[in-house]
Amino acid sequence: METTKKTLPVKGKTNVLITSALPYVNNVPHLGNIVGSVLSADVFSRYNKARGRPTLFVCGTDEYGTATETKALEEKVSPRELCDKYNKIHAEIYEWFEIGFDIFGRTSTQQQQDITQNIFRKLYENDYLIERTTQQPYCEKHQSFLADRYIEGTCPKCGYEDARGDQCDKCGSVDYGPLDLKNARCKIDPDERPVVRETRHVHIRLDKLQPDIETWFKNASEDGAWSSNGKVITESWLKQGLRDRGITRDLKWGTPIPLDVFADEKDKEIYKDKVFYVWFDACIGYVSITANYTEKWEEWWRNPAVKLYQFMGKDNVPFHSVIFPGSQIGTKEPWTMLHHLSTTEYLNYENGKFSKSRGVGVFGNNAKDTGVPADVWRYYLLKHRPETADSQFEWRDFIAQNNNELLAKLGNFVNRIVKLVNSKIYDSIIPDYTVKYSDPGFEKAKAEINQHLKQYLKDLEGVNLKDGLQSAMDIAQAGNNLIQSNKLDNKLAANEPEKAAAVIGLAVNIIYLCASLFEPYLPATSKSILEQLDVPFLFIPDQWMADDIKPGHHIGKAKYLFTLIEPKKEDEWREMYGGTQAERLKKEEETAKKAAAKAAVKAKKAEKKAKKPDQQVEKEHAQQSVEERGTEATEVGKEAVDAVTDGVQQVTLPSS
């Protein structure tokens, strides 16, 4: 029984269901991860709620699979303990960024098991599953099959020695299998050479489902106006022709296979120690997390009146546009299907890539350490949202946009008006602005604001979030222009009180509108504006009437929305978070030269020692400085940390 009121679809209204790609539980998200999925989805969720629509925003950590098992081994904890730890870390990061999930859950739940197994049963009943016997690399030391990403070797295409079983990071090739690698080795224990063993798995027949997937995709991508990269990637998959893909895996940590579908006891014995492949059941996590939010989850997920919007980086597209919809179609049940796919390209860092192992770039837990409020980060990331092409995070630009846009345009506009109304002239009371309010100049200003509002609504309805932010800032700038063109100051208030009152009345109502339009992007800023105006939140209107705050209303006290960031912080932060790409390459080159020189010195010493009597060598060895030994130990420790810690370029569903 539900103890609190939950958001559910309402008949006759536009009901919006929003998901953002489920982040890997064992990685700390960087800025590119955040803007590509959860932050973008949050803006759209807040916008729809500000329009008065029943809206549900769900997300959570993707917790199953080889990556979790391996990370748990590294940290010497159980997979459950690892997931508990990192789920909390993710939740804290998103809370600081003010991501307003209705629920932030996880995939390792009973609801996930029940719903995934039921989908599997339906696919089995409808003849969309087939068994295959394949050969896979097996590590005899760990007594387990190796997932593609946990076998490494020499790329068969370019000869790169550290290629993974599913992709070469040097040449980008993905059209080979783990058995094609030369000099293959186990990533967990590089001294172990995998052997080849046969294993049996269940595959979903995407080839059989392709005609239905194609029909659905054509209609959905047009009706939902998908982002272009999402359409191109999906079309590419369909053009190549879909093949059956394995949906089970030889692992322990995952959703177990329901053995009741197998009539043969031998089959039950084969599958009792297998689980679902994480790429198959991860998207089902959206459904199970909703089921953890409300026991009436089917009202969201089996409802033709619900529009499903999904946000992700481009890596995730096929899972959401082919595999998950194919699984839904294969059940022959009335699922809520994807309406709009919003896909981003990559956000890069100072002309390079984010890398946790190298300490390059700002990760979710670093942003707070700078002392810069979350709204400033949100503004910059959304202004640089990589909607159609890769974009860059640059410290100089970050500081400039805080100072020249947030502070100079929005912050100064609000502060100037609120302070003036707080002054002795008005004593915090909105003057009677009605006398001059309908003069041609003010009517023209109102019309301009409504034109910007119309564009804002068009931007947000089309999920063009970057353009929508610009439209909101255009309205703030129009407010600044109003003040400047009418030369609003104490002198105008004394000499032309009716005109000054009209300017103030219009400006205050523009500020009130800005609080609503900026709320999806800058929630803390919006809250502060509402407190300063002492008014409740205003739902975003279709048409702005410019009279929501009436004459005689008593406002609160002025507060600064933003503060100046000193330009000198640029160098400090760049140094703190890894420098520019050129600087990093230079440092790496210098480090390599020092290491080579050090190795040469050691080799020369070793050669001399080899020529001396044993007693003399022992004496010199005993005199080796503690400092030198400590330095060597530190370097070895750093190499060990770098070997097991890596950054992630986008939030993606596991490929293993």
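Cut-off values and rules
- Residues numbered from 1 in each chain as written.
- Predicted model: local features only at pLDDT ≥ 70, side-chain atom pairs only at ≥ 80, totals over all residues.
- Heavy atoms only, no water.
- Helix = DSSP H or I, 4+ residues; strand = E, 2+ residues; numbered from the N terminus.
- Buried < 20%, exposed > 50% of the residue type's maximum accessible area, 1.4 Å probe, protein only.
- Contact = heavy atoms within 4.5 Å.
- Areas by Shrake-Rupley, 256 points an atom, 1.4 Å probe, with all protein chains shown as cover.
- Salt bridge = Lys/Arg side-chain N within 4 Å of Asp/Glu carboxyl O.
- Phe/Tyr/Trp six-rings, centres within 6.5 Å; stacked < 30°, edge-to-face > 60°.
- Pairing = 2+ DSSP bridges.
- Axes fitted to C-alpha atoms, helices over the stretch in contact; angles between N-to-C directions.
- Core = buried A, V, L, I, M, F, W, Y, C linked by side-chain atoms within 4.5 Å.
- Disulfide = S-S within 2.5 Å.
- pLDDT = per-residue confidence, 0-100.
- Polar contact = N/O pair within 3.5 Å; in protein donor to acceptor, adjacent residues only side chain to side chain.
- Parallel < 35°, antiparallel > 145°, perpendicular 65-115°, else oblique.
- Left-handed = near helix turned anticlockwise from the far one by under 90°.

## Brief notes about the overall build of the chain
Each helix and strand counted, the chain has 24 helices and 16 strands in total. Within the chain, buried positions represent 53% of all 656 residues. Restricting the contact set of the chain to residue pairs at least 6 apart, pairs at least 24 apart contribute 79%. Accessible surface, the chain as shown: approximately 30,400 Å² in total, 49% of it carbon and sulfur.

## A short note on the pattern of salt bridges
Between side chains of opposite charge, a pair can form when the charged atoms approach closely. Inspection of the entire model under this criterion finds 39 salt bridges. The closest approach of N and O atoms between Arg51 and Asp542, which form a salt bridge, is 2.8 Å. Placement of the pair is Arg51 in the loop between helix 2 (38–50) and strand 2 (55–61) and Asp542 in the loop between helix 20 (523–533) and helix 21 (569–576), with a sequence separation of 491 residues. Classification of Asp542 by relative accessible area gives exposed; the value is 56%. The closest approach of N and O atoms between Lys208 and Asp127, which form a salt bridge, is 3.1 Å.

## With respect to the packing of aromatic side chains
In total, this model carries 37 aromatic pairs according to the counting rule given. A centroid spacing of 5.8 Å and a plane angle of 80° characterise the contact between Tyr94 and Phe101, whose relative ring orientation is edge-to-face. Ring geometry for Trp377 versus Phe393: centroids 5.9 Å apart, planes at 10°, classification stacked. In this pair, Trp377 sits in helix 14 (residues 374–383) while Phe393 sits in strand 16 (residues 391–393), placing the two residues 16 residues apart along the sequence.

## What to know about the sheet that holds strand 13 (residues 306–313)
Ordered by their spatial adjacency, five strands build an open sheet running 3-2-1-13-14, and the pairing between neighbours is parallel. Strand pairing shows two members of the sheet lacking a second neighbour, strand 3 (103–106) and strand 14 (338–344), which therefore form its edges. Sheet twist, expressed as the mean angle between neighbouring strand axes with direction ignored, is 20°. The sheet contact formed by strand 13 and strand 14 spans six bridges and is parallel.

## Some points on the sheet that holds strand 4 (residues 129–139)
Strand order in the open sheet formed by four strands is 5-4-9-10, and the pairing between neighbours is antiparallel. The open sheet has two edge strands, strand 5 (144–145) and strand 10 (245–246), and neither has a second partner. Summarising the sheet, strand 4 and strand 9 (residues 195–204) pair through 10 bridges and their orientation is antiparallel. Note that in strand 9 the partner of Arg132 across the bridge is His201.

## Comments concerning the nonpolar core
Of all hydrophobic cores here, the largest spans 159 residues; its most connected members are Trp301, Trp377 and Phe398. The biggest single contributor to this core is helix 19 (residues 497–518), with 15 residues. For Trp301, the residues in contact, after removing those within four places along its chain, are Leu17, Thr19, Tyr286, Val287, Thr290, Leu308, Phe324, Gln328, Pro334, Trp335 and Thr336.

## Structural notes on the state of the cysteines
Under the criterion given, the structure shown has zero disulfides. No disulfide involves Cys155; its nearest neighbouring cysteine sulfur is the one of Cys168, lying 3.8 Å away. With no disulfide of its own, Cys186 has Cys139 as its nearest cysteine by sulfur position, at a separation of 4.0 Å. Judged by its relative accessible area of 0%, Cys186 falls in the buried class.

## Thoughts on the pairing of strand 13
Regular strands have side chains that alternate between both faces of the sheet. Judged by how many residues are buried, strand 13 sits mostly within the fold: seven of eight residues are covered. Strand direction decides the pairing type here: strand 1 (residues 15–20) and strand 13, joined by six bridges, are parallel. In the sheet register, Asn15 faces strand 13, and the bridge partner there is Val306.

## Let's talk about the confidence of the model for the chain
The pLDDT averaged across the chain works out to 89; a share of 89% of its residues lies at or above 70. Under a pLDDT of 50 for its full length, residues 579–585 has, in the predicted model, 17 contacts with residues more than four places off or in other chains. When the criterion is pLDDT under 50, residues 617–656 qualifies, and its contacts beyond four places in sequence or with other chains add up to 77 contacts.

## Observations regarding the side chain of Arg185
By the element assignment, Arg185 lies in strand 8 (residues 182–186). Of note is the side chain of Arg185, whose polar atom sits 2.7 Å from the side chain of Asp162. Those residues in contact with Arg185 that sit more than four places away from it in its chain are Tyr150, Ile151, Glu152, Gly153, Glu161, Asp162, Pro190, Glu192, Arg193 and Pro194.

## A word on the packing of helix 15 (residues 395–422) against helix 21
Packing of helix 15 against helix 21 brings their axes to within 9 Å, and their N-to-C directions diverge by 135°. Judged by the inter-axis angle, helix 15 sits oblique to helix 21. Along this stretch, helix 15 crosses helix 21, giving a crossing that reads as right-handed. Only Lys569, Glu570, Trp573 and Arg574 of helix 21 make contact with helix 15, whose side of the interface consists of Trp395, Arg396, Phe398 and Ile399.

## Some remarks on the pairing of strand 3
Side-chain alternation along strand 3 places Ile103 and Gly105 on one buried face and Phe104 and Arg106 on a second face that is also buried. Judged from the four bridges that link them, strand 2 and strand 3 form a sheet pairing that is parallel. Bridge pairing in strand 3 links Thr61 to Arg106.

## Topic: the side chain of Thr61
Mapping Thr61 onto the fold places it in strand 2. Within the structure, the side chain of Thr61 is placed 2.7 Å from the side chain of Glu63, a separation counted as a polar contact. Among the polar contacts made by the side chain of Thr61, one reaches the side chain of Asn87 at a distance of 2.8 Å. When near neighbours in sequence (up to four residues on either side) are disregarded, Thr61 contacts Pro23, Val25, Asn87, His90, Phe104, Gly105, Arg106 and Thr107.

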